[in-house]
Amino acid sequence: DTGVSQNPRHKITKRGQNVTFRCDPISEHNRLYWYRQTLGQGPEFLTYFQNEAQLEKSRLLSDRFSAERPKGSFSTLEIQRTEQGDSAMYLCASSLWEANSPLHFGNGTRLTVT
Amino acid sequence: DAKTTQPNSMESNEEEPVHLPCNHSTISGTDYIHWYRQLPSQGPEYVIHGLTSNVNNRMASLAIAEDRKSSTLILHRATLRDAAVYYCILLSNDYKLSFGAGTTVTVRA
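Residues numbered from 1 in each chain as written. Chains lettered and ligands numbered in written order. Predicted model: local features only at pLDDT ≥ 70, side-chain atom pairs only at ≥ 80, totals over all residues. Heavy atoms only, no water.

### Observations regarding the interface of chain B and chain A
Note on interface size: it is often stated as the accessible area lost on association of the parts. Listed per partner, the contact involves 18 residues of chain B and 21 residues of chain A. Counting the surface lost from both chain B and chain A, the interface buries some 1,600 Å², and carbon and sulfur atoms represent 54% of this. The largest contributions to the chain B side of the interface with chain A come from P44, Y95 and K96 of chain B, which together make up 36% of the buried area. Seen at the junction of chain B and chain A, the total is one salt bridge. In this structure, E56 of chain A engages K96 of chain B in a salt bridge whose closest nitrogen and oxygen atoms are separated by 2.7 Å. The tally of links between chain B and chain A comes to six residue pairs in polar contact (both at pLDDT 80 or more). Grouping the constituent residues of the side of chain B that touches chain A by class yields nine nonpolar, seven polar and two charged. (Contact = heavy atoms within 4.5 Å. Buried area = accessible area lost by both parts, 1.4 Å probe. Salt bridge = Lys/Arg side-chain N within 4 Å of Asp/Glu carboxyl O. Polar contact = N/O pair within 3.5 Å; in protein donor to acceptor, adjacent residues only side chain to side chain. Nonpolar A, V, L, I, M, F, W, Y, C, P; charged D, E, K, R; others polar.)

### Quick notes on the environment of H29 of chain A
All names here are of chain A. Within the element layout of this structure, H29 appears in the loop between strand 3 (19-24) and strand 4 (31-37). The spacing of H29 and G72 is 43 residues in sequence and 9.4 Å in space, taken between C-alpha atoms. Polar side-chain contacts of H29 include one of 2.8 Å to the side chain of S94. Here the side chain of H29 touches S95 through a polar contact of 3.3 Å, landing on its backbone nitrogen. (Helix = DSSP H or I, 4+ residues; strand = E, 2+ residues; numbered from the N terminus.)

### Observations regarding the side chain of Q6 of chain A
All names here are of chain A. By secondary structure assignment, the location of Q6 is in strand 1 (residues 5-7). Classification of Q6 as buried rests on a relative accessible area of 5%. Reaching out from Q6, the side chain makes a polar contact with the backbone oxygen of Y90 at a distance of 2.9 Å. Among the polar contacts made by the side chain of Q6, one reaches the main-chain amide nitrogen of C92 at a distance of 2.9 Å. Setting aside its immediate chain neighbours within four residues, Q6 contacts R22, C23, W34, Y90, L91, C92, G106, N107, G108 and T109. (Buried < 20%, exposed > 50% of the residue type's maximum accessible area, 1.4 Å probe, protein only.)

Set out below in structure tokens:
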């Protein structure tokens, strides 16, 4: 399978703990995106990278959130001191750099904070 | 970001066409119209996109009004696998998709 891969698929954690999610994009894709989706809503943009450079961060991405993409390959999204409001599906997508290239999404990591 | 308006839900019978409308009256000249769909428990999936001319691919057709203030996604023969939330999104030069609530499509067997 050469699609976007996200791990883990599910994560249950207690409030206050740190969690880290991983995304492996399609190998030739330069751009990588993180989105968050809560039940019944469309995905909300969090941040994106072109190669290893983080080019934009949403105001939704508080100081407790950090994303990295070392060497422009896989990416990690870390949430520190999790809160119950962080419970959501975290989606990763990748695309080529050309304008209007379709985004290819993974199936997400579902986070539940108890 | 330019906004889109879609109906909350639509129902269709299996093997019949489905026409999903989208209004985008504030679209700018450089905005492309993109459609994605999201099946239950999966990430969104690209369907089709266009600028001015109608577009066809193996999944669907996209009909764009002459003034570009509205568009329609056409699924020619709905199957049960087409039951999903369909998102109409305007994409400008910042490469960032901004999703709305979409249209939930139900397909009756």
